Amino acid sequence: MKRRILYMACAAFLVFQGCGTADPDVILKQDLSVQEDVSSDEETAAEPEAESTDTVCVYICGAVEAPGVYELQSTDRICQLVEMAGGLTQDADARSVNLAQTVEDGEMIYIPTVDEAAETGTAETETSVSPDDGRVNINTASVTELTALSGIGDAKAAAIVAYREEHGAFQSVEEIMQVSGIAQATYDRIKDEITI
């Protein structure tokens, strides 16, 4: 009887030992490896969010309200830099700078005043091509630009420039017929292509 009880006790011990929990060290190691996998997955998922545009430092001076060095994105344009510098002063000549140009790291942008631009010859003069309709301004066009007109070759273009230099700016587009070699027929061909 005692042997039977002892046998049953051993069997019960073995059953409980088999159904019990695993070695605590093994469980701890498994938990740590799972946590490492989860944290590495979180880091990998967070990496794309860390993407950032390159920043650049640009110095702007001259006719702006707050000259200085500013940090911008590499895709920003000079107009945004001008805004950061408080905008242009009243005497600034914005036409001397391409405000649509993108900024570059280490670049210095100088905004001249109207007087400075006039002195250095960087002030924008009348363009030879009208920005609205593409017509050629006969008061400012070069010989090359004038030859783009219908029926105007090098000789007639040079004659237009010579007339302009001798008599001053054209007062009307019709006055171009006063130029030697340009008659009514030529004028009729180019009248819609020219302006003053």
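What you see is a predicted model, and the numbers here were worked out from it, not measured in a lab. (Residues numbered from 1 in each chain as written. Predicted model: local features only at pLDDT ≥ 70, side-chain atom pairs only at ≥ 80, totals over all residues. Heavy atoms only, no water.)

Undergrad: What am I meant to see in the nonpolar core here?
TA: Generally speaking, nonpolar side chains in soluble globular proteins are found buried as a group. In this structure, Leu 146, Leu 149, Ile 160, Phe 170, Ile 176, Val 179 and Ile 194 are the most contacted members of the largest nonpolar core, which totals 18 residues. Mapped onto this core, the elements with two or more residues apiece are helix H6 (154-167) and helix H7 (184-190). Top element by residues in this core is H6. It accounts for four residues. The residues contacting Phe 170, other than those within four sequence positions of it, are Ile 138, Asn 139, Ile 160, Tyr 163, Arg 164, Glu 175, Ile 176, Val 179 and Ile 196. Counting residues in each nonpolar core, the second largest holds 16 residues, with Val 58, Leu 72, Val 82 and Ile 111 among its members. (Core = buried A, V, L, I, M, F, W, Y, C linked by side-chain atoms within 4.5 Å. Buried < 20%, exposed > 50% of the residue type's maximum accessible area, 1.4 Å probe, protein only. Helix = DSSP H or I, 4+ residues; strand = E, 2+ residues; numbered from the N terminus. Contact = heavy atoms within 4.5 Å.)

Undergrad: Can you walk me through the sheet that holds strand E1 (residues 55-62) in this structure?
TA: The strands that make up a sheet are held in pairs by hydrogen bonds between backbone atoms, and each pair lies either parallel or antiparallel. Reading across the sheet, the three strands line up as E2-E1-E3 and stay open at both edges, with mixed pairing between neighbours. Because the sheet does not close on itself, it has two edges, and the strands there are strand E2 (68-73) and strand E3 (108-111). For this sheet, the mean angle separating the axes of adjacent strands, direction not counted, is 30°. Note: E1 against E2, six bridges, orientation antiparallel. Its bridge partner being in E2, Ile 60 is matched across the sheet by Gly 68. (Pairing = 2+ DSSP bridges. Axes fitted to C-alpha atoms, helices over the stretch in contact; angles between N-to-C directions.)

Undergrad: Looking at this structure, how should I read a nonpolar patch on the surface?
TA: On the surface, a nonpolar cluster with roughly 410 Å² of combined accessible area is contributed by Tyr 59, Val 69, Met 108 and Tyr 110. Counting through the fold element by element, Tyr 59 comes out in strand E1. With a relative accessible area of 36%, Tyr 59 lands in the partly exposed category. (Patch = residues over 30% accessible without salt bridge, like charges linked within 9 Å, V, L, I, M, F, W, Y side chains within 5 Å. Areas by Shrake-Rupley, 256 points an atom, 1.4 Å probe, with all protein chains shown as cover. Salt bridge = Lys/Arg side-chain N within 4 Å of Asp/Glu carboxyl O.)

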